[in-house]
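Next come the chains, spelled out residue by residue.
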Amino acid sequence: MGLLLVAAGFIGLVIDGTRSIVNHTISFVSISSAAGTLFPDGAAGFEGQVAARTYPWLWDPFVSQLLQLPASVTGFVVGVLLLWLGQKPLEPIGHFAGR
C-alpha cells in the first residue's frame, strides 16, 4: 500500500508540475477535487458519508481542512510513512541471527 501511495504521489507531483508550468502559476489538485472524481456525488457525497459514520461536528473543523491539502504531497507523505512503519526491525549488533 505504501509503494502504491508513493507512486501515485509521484505521478500526481509530475501532473501538478506540468500544470503549473503550463499555467505559469503553482497549482495543486486538492484531496477534495481528487475525491470528486472517485465519489459520484463529489465532496458533498463524501461529506454525507463521513457525517453518517462519525460525529457531524467532526466534519467542519477537521475533515474539511484536511481535504484542502494537496493530494499528491499527502499521498507521497502517507506512503513514505507506511513504508517506514512496515519495515523490519534491524538486528542488534553483536547477536548471531542463526542461534
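The structure presented is a predicted model; accordingly, all values stated were derived computationally and were not measured. (Residues numbered from 1 in each chain as written. Predicted model: local features only at pLDDT ≥ 70, side-chain atom pairs only at ≥ 80, totals over all residues. Heavy atoms only, no water.)

Draft legend 1. Here's a closer look at the overall build of the protein chain. Helices and strands together make up the secondary structure of the protein chain, namely five helices and zero strands. Taking 99 residues into account, the globule formula puts the C-alpha radius of gyration at 13 Å, and the protein chain, at 19 Å, lies well above it. Principal axes of the C-alpha set define a box for the protein chain whose edges measure 60 × 40 × 25 Å. For the protein chain, the proportion of its 99 residues judged to be buried stands at 20%. Put simply, 67% of the contacts in the protein chain that link residues at least 6 apart link residues at least 24 apart. If you sum the accessible surface of the protein chain, you get close to 7800 Å²; carbon and sulfur atoms cover 70% of it. (Helix = DSSP H or I, 4+ residues; strand = E, 2+ residues; numbered from the N terminus. Rg over C-alpha atoms; globule rule 2.2 N^0.38 Å. Buried < 20%, exposed > 50% of the residue type's maximum accessible area, 1.4 Å probe, protein only. Contact = heavy atoms within 4.5 Å. Areas by Shrake-Rupley, 256 points an atom, 1.4 Å probe, with all protein chains shown as cover.)

Draft legend 2. Expanded view of the layout of surface pockets. Within this model, the largest pocket holds a volume of roughly 330 Å³. Ranked by residue count, the leading element in the lining of the largest pocket is helix H1 (residues 2-23), at six residues. Taken together, the residues that form the lining of the largest pocket break down as ten nonpolar, five polar and one charged. (1 Å grid on protein atoms, 1.4 Å probe; cavity = no way out; pocket = protein on both sides within 12 Å on 5 of 7 lines; lining within 4 Å. Points joined across faces, edges and corners; volume = space filled by probe spheres on them. Nonpolar A, V, L, I, M, F, W, Y, C, P; charged D, E, K, R; others polar.)

Draft legend 3. Geometry of the pattern of salt bridges. Scanning the model with the defined rule gives one salt bridge in all. Residues Arg19 and Asp16 are paired through a salt bridge, measuring 3.2 Å at the closest nitrogen-oxygen approach. In this pair, Arg19 and Asp16 both sit in helix H1, three residues apart, roughly one turn of the helix. Take Arg19: its relative accessible area is 33%, and that puts it in the partly exposed class. (Salt bridge = Lys/Arg side-chain N within 4 Å of Asp/Glu carboxyl O.)

Draft legend 4. Structural view of H1. In this model H1 runs 31 Å from its N-terminal to its C-terminal C-alpha over 22 residues, within 8% of the 32 Å that 1.5 Å per residue would give. Of all the residues in H1, the buried ones are Gly2, Val6, Gly9, Gly12, Asp16 and Ser20. With its buried residues spanning 125° around the axis, H1 presents them on a single face. What points out from H1, more than 90 degrees from its buried face, is the exposed set Leu3, Leu4, Phe10, Ile11, Ile21 and Val22. Looking at the packing, one finds that the buried side of H1 touches helix H5 (71-85). (Expected span 1.5 Å × (residues − 1). Arc of directions from axis to C-beta.)

Draft legend 5. Highlighting unusual backbone geometry. At His24, a position not held by glycine, the phi torsion is positive, near 60°. Assignment of secondary structure puts His24 in the loop between H1 and helix H2 (31-38). According to the relative accessible area criterion, His24 is exposed, its value standing at 74%.

Draft legend 6. Molecular detail of the confidence of the model for the protein chain. Of the residues in the protein chain, 91% reach a pLDDT of 70 or more, and the chain-wide mean stands at 83. Within the protein chain, H5 carries the highest mean pLDDT (93), whereas helix H3 (residues 43-53) carries the lowest (71). (pLDDT = per-residue confidence, 0-100.)

Draft legend 7. Region of interest: the environment of Gly12. Considering the arrangement of structural elements, one finds Gly12 in helix H1. We classify Gly12 as buried; its relative accessible area is 17%. Each C-alpha atom of the pair Gly12 and Gly94 lies 44 Å from the other, and the pair is 82 residues apart in sequence.

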